[in-house]
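Structural features, examined
Residue-level listing of the chains:
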Amino acid sequence: MNAIQIISVSVAIMLVVAPSGWAGQESAPVREGPVSITALGGAALGSGKVGAAAGLTIGVDVNERVSVEARSVYFDRGPGQSAMDLNVSVLVDLLTARRAVPYLSIGGGLYRAMFDVGNERSFGMMGGQVGSNDMGVTYGQMPMFYARRMDALNAPGDGFGHMPGFTDPAVSVGGGVRLDLTNRLYVRPDVRAVTVFGGGDTYSVGSITFSVGYRF
């Protein structure tokens, strides 16, 4: 099961099955403050790899159902590989005036992937997606979405030891559940699928995170 399938199944469980149980719950305390900040942690999935994810979000409520969120998340993509997902998303609540509120999210931004081609654990290894470009650099575990574009990058003065990385446009879709603990403090499990566009191709990565947020 790939990252997109995992995200789709997770969202379906949270947003289709669970709401029937939330419908009769007690009303939540009145939320204080239109601005919120969260710290999140969890896992990133994609290209057959699972790594850690960590980041921050800042959100602003537009009205009772809609909020806008700026999100910055770091992904550990394995030895010698990492990424940053920077996006702005619109979150739409499916219920209102409840302690537990399911929501959908859609947004866009930039996805920056970074590679250390000098890392022997990741590049030049036997197995995985082994190949090389015209300059003889071997790619052991680099996704082909990026490996095909390596020739277009300028090598730094010390060769291909530390690549500057790729920055591409990306769109994000997902959903989750916000559970209000008090009128200011909340927790939020969240799943997102990010589709990256570059070189006439696409690349997908997913995240499953848990956030702790505060309103002010």
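Let me sum up the structure you'll find in this document.

About the criteria used
Residues numbered from 1 in each chain as written. Predicted model: local features only at pLDDT ≥ 70, side-chain atom pairs only at ≥ 80, totals over all residues. Heavy atoms only, no water. Pairing = 2+ DSSP bridges. Helix = DSSP H or I, 4+ residues; strand = E, 2+ residues; numbered from the N terminus. Salt bridge = Lys/Arg side-chain N within 4 Å of Asp/Glu carboxyl O. Phe/Tyr/Trp six-rings, centres within 6.5 Å; stacked < 30°, edge-to-face > 60°. Buried < 20%, exposed > 50% of the residue type's maximum accessible area, 1.4 Å probe, protein only. Lys NZ or Arg CZ within 6 Å of the ring centre and 35° of its normal.

Here strand β5 (residues 100-115) runs beside strand β8 (residues 166-180); their pairing, made up of 14 bridges, is antiparallel. Note that in β8 the partner of Val 101 across the bridge is Arg 178. Bridge analysis of β8 against strand β9 (residues 185-198) gives nine bridges, and the strand direction is antiparallel. Bridging across to β9, Val 171 finds its partner in Thr 195. Where β8 folds back on β9, the antiparallel hairpin that results is connected by four residues.

Under the counting rule described, the total for this entry stands at nine salt bridges. With its nearest N and O atoms 2.8 Å apart, the salt bridge here joins Arg 188 to Glu 69. Here the residue Arg 188 occupies a position in strand β9, and Glu 69 occupies one in strand β3 (residues 66-76), the gap between them amounting to 119 residues.

Throughout the structure, instances matching the rule amount to seven aromatic pairs. A centroid spacing of 6.3 Å and a plane angle of 40° characterise the contact between Phe 75 and Tyr 111, whose relative ring orientation is tilted. With a gap of 36 residues between them, Phe 75 in strand β3 and Tyr 111 in strand β5 connect regions that are remote in the sequence. Tyr 111 matches Phe 75 in its accessibility class, with the two residues each being buried. With 5.5 Å between their ring centres and 70° between their planes, Tyr 146 and Tyr 203 make a pair best called edge-to-face. Residue Tyr 146 is found in helix α3 (residues 144-147), and its partner Tyr 203 is found in strand β10 (residues 201-215); the two are separated by 57 residues along the sequence. The pair formed by Tyr 146 and Tyr 203 is uniform in burial state, with each residue classed as buried. We note Arg 149 situated over the ring of Phe 145; from NZ or CZ to the ring centre the distance is 5.0 Å.

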